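An overview of the molecular structure
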Amino acid sequence: VAIALLTAHSCSGKLFPRRTKVTWVNGIAHLPEHMNDPTFVISTIFGGVNVDYCHNPSAMTSESDTLGFVKDGIQAGGHVMMGRFTPEVDSLVEHLRAALAQVGRTGRVIHIAHSQGSVITWLAAQRLKPEECKRIEIISFGGAATICTSDFPFARCINYYAVNDPILNVVPSAVKALKSGFAFGDGMQQEIIFLATRTGDPVTDHGLLNPTYLEALVWEGQRYQSLFMSPLGQTGAAFVGPLSSTVTWFPNFAYETTRRAFIAIVRICALLWEFVQNAITSLLGKQEKYEPILMKTS
């Protein structure tokens, strides 16, 4: 009888799954018009469900606005280094609470965060009530902060990092987990997953919809459909799912801008290093002096 009751409960759960809402928040350098395409891709991967986004605004006025891009980076640094609560954080708190209201007390919000969006989510979590956190799952990609259940009572936290993602330089907790050899120790490493690069390019691998993170995002979409969609819903999603394979090299202007900025910074650092070396050599009096070679005469 007990087995029959458990089986019936499981079947009813699949036929009448709990209400859910999928949301996401972006990283730096996203103009409003750049939010629609990623939202469509996430919706496709998650079985065609409606996806809401919380736009983390950019200081950029156009795709070629390098100064605005730099301002975005400075603001992100303020979030990471100083834990600054900005209007973006307040907007995300309101966004998540609105999503919770839609799904009700028994529902679940699946929140996807990328790059700076992860540290904004980490800050927003500090303003959410424990009972609110318990109804939210966090999926972070290349996050500027790790979000773990040891810090917040979320229903689930998972942090994906490409092993060569440049963002690791500002996330000590993720670096610690990487150096630990993926050992389980303080109750946090199992919520941090490292992915092998699919492109070999650190800047490209940081992109949410580029191959490395896209593969994990597709897996999360399959998990979501398995847990939260009825069989009928999954059947309908099967016609939409294959489209996700067409976004493997989804273009994103922000990462091209990042690439150019990264290369420029490396070149500047190389020039500065060469200047310092020449200055030190000059001060120590070790600079080479030209001495003509005297030819012997017979």
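Read on for an overview of the structure. (Residues numbered from 1 in each chain as written. Predicted model: local features only at pLDDT ≥ 70, side-chain atom pairs only at ≥ 80, totals over all residues. Heavy atoms only, no water.)

Concerning the overall build of the chain
So the rule is basically this: Counting from the N terminus, the helices are the DSSP runs of H or I reaching at least four residues and the strands are the DSSP runs of E reaching at least two. Residue exposure (1.4 Å probe, protein chains only): buried if accessible area is under 20% of the type maximum, exposed if over 50%, otherwise partly exposed. Any two residues having at least one pair of non-hydrogen atoms within 4.5 Å are treated as being in contact.
Helices and strands together make up the secondary structure of the chain, namely eleven helices and six strands. Per-residue burial over the chain gives 45% buried out of 298 residues. For the chain, the proportion of contacts with a sequence separation of at least 24, taken over those separated by at least 6, is 72%.

Side note on a nonpolar patch on the surface
Threshold: For patch building, the residue pool is restricted to those with more than 30% relative accessible area and no salt bridge; the joining distance is 9 Å between like charges and 5 Å between nonpolar side chains (Val, Leu, Ile, Met, Phe, Trp, Tyr). All accessible areas in this document rest on Shrake-Rupley with a 1.4 Å probe, and a residue is counted as covered only by the protein chains that are shown. Should a side-chain nitrogen of Lys or Arg be within 4 Å of a carboxyl oxygen of Asp or Glu, the pair is scored as a salt bridge.
Residues W273, F275, V276, I280 and L284 make up a contiguous nonpolar surface patch of about 560 Å² in total accessible area. Tracing the chain through its elements places W273 in helix α11 (residues 253-283).

Examining the sheet that holds strand β4 (residues 136-141)
So the rule is basically this: Two strands qualify as a pair provided DSSP detects at least 2 bridges between them. To obtain each axis, a line is fitted to C-alpha atoms, and for helices this fit is confined to the stretch in contact; angles are then taken between N-to-C directions over 0 to 180 degrees.
Spatially, six strands are ordered β2-β1-β3-β4-β5-β6 in an open sheet, and the strand pairing comes out parallel. Two strands in the sheet have a free side with no partner beyond their single neighbour: β2 (51-54) and β6 (192-195). Between one strand axis and the next, the sheet turns by 20° as a mean value, whatever way the strands run. Pairing of strand β3 (residues 108-114) with β4 involves six bridges; the strand directions are parallel. Residue pairing for β4: H111 is matched across the bridge by I138. Contacts from helix α7 (residues 172-179) reach β5 (156-162) and β6, with the element oriented near 70° to β6.

Side note on the pattern of salt bridges
A complete count under the given rule lists eight salt bridges for this structure. Close ionic contact of D52 with K21 constitutes a salt bridge, the shortest N to O distance being 3.4 Å. Taken together, the residues span a long stretch of sequence, with D52 in strand β2 and K21 in strand β1 (residues 20-25) at a distance of 31 residues. For D52, a relative accessible area of 28% gives the class partly exposed. Overall, the relative accessible area of 10% leaves K21 in the buried class. Between E215 and R198 there is a salt bridge, with the nearest N and O atoms lying 2.8 Å from each other. Here the residue E215 occupies a position in helix α9 (residues 211-228), and R198 occupies one in the loop between β6 and α8 (202-205), the gap between them amounting to 17 residues. When its relative accessible area of 44% is taken as the criterion, E215 is described as partly exposed.

Focus: the packing of helix α4 (residues 87-103) against helix α5 (residues 116-125)
Put simply, the rule is: Every angle not falling under 35 degrees, over 145, or within 65 to 115 is termed oblique; those three ranges are roughly parallel, roughly antiparallel and roughly perpendicular. Less than a right angle of anticlockwise turn of the near helix away from the far helix marks a crossing as left-handed, whereas a clockwise turn marks it as right-handed.
In the contact formed by α4 and α5, the axes pass within 9 Å of each other and the chain directions differ by 70°. Comparing their axes, α5 and α4 come out roughly perpendicular. Crossing angle aside, the handedness with which α4 passes α5 is right-handed. Residues E88, V89, L92 and V93 of α4 touch α5, and the partners they reach there are I120, T121, L123 and A124.

Considerations on the environment of A145
Note that A145 resides in the loop between β4 and β5. For the pair A145 and S118, spaced 27 residues apart in sequence, the C-alpha to C-alpha distance is 6.0 Å. If we ignore the near neighbours within four places in the chain, the residues touching A145 are S118, V119, W122, S140, N159, Y161 and V171.

Focus: the packing of aromatic side chains
For clarity, the threshold we go by: Think of it this way: a Phe, Tyr or Trp ring, Trp meaning its six-membered ring, pairs with another when their centres are within 6.5 Å, and the plane angle makes it stacked under 30 degrees, edge-to-face over 60, tilted otherwise.
Summed over all chains, the structure comprises six aromatic pairs. Between F141 and Y160, the aromatic rings sit 5.1 Å apart at their centres with planes inclined by 15°, giving stacked as the arrangement. Here F141, found in strand β4, pairs with Y160, found in strand β5; they are 19 residues apart in sequence, far enough to count as distant. Of the two residues, F141 and Y160, neither departs from the other in class, the shared state being buried. For the ring pair Y224 and F228, a centre distance of 5.5 Å and an interplane angle of 50° mean the geometry is tilted. In this pair, Y224 and F228 are both assigned in helix α9, four residues apart and thus about one turn of the helix distant. Take Y224 and F228: they sit in the same class, and that class is buried. Following the ring pairs from residue to residue traces out a cluster consisting of F46, Y224 and F228.

Digging into the nonpolar core
Convention followed: Among buried residues, the Ala, Val, Leu, Ile, Met, Phe, Trp, Tyr and Cys ones that are joined through side-chain atoms within 4.5 Å form a nonpolar core.
Membership of the largest hydrophobic core comes to 60 residues, with the highest contact counts inside it found for V22, F46, I112, F141, F154, Y161 and L217. In terms of residues, this core owes the most to one element, α4, which gives seven residues. Among all residues touching F154, those that are not within four sequence positions of it are A125, L128, C133, I136, I138, I147 and T149.

Quick look at empty space enclosed by the protein
Quick note on the threshold: For cavity detection a 1 Å grid was placed over the protein atoms alone, and a set of points counts as a cavity when a 1.4 Å probe fits there but cannot get out; an open set counts as a pocket when protein lies on both sides within 12 Å along at least five of seven lines, with lining residues being those that have an atom within 4 Å of a point. Grid points are joined across faces, edges and corners, and a volume is the space filled by probe spheres set on the points.
Applying the stated criterion to the full structure yields two cavities of 30 Å³ or more. Each pocket or cavity is described by its volume, and for the second largest cavity that value is around 40 Å³. Along its surface, the second largest cavity is lined by V25, C54, H55, N56, P57, E88, S91, L92 and I120. No other element matches the three residues that α4 contributes to the lining of the second largest cavity.

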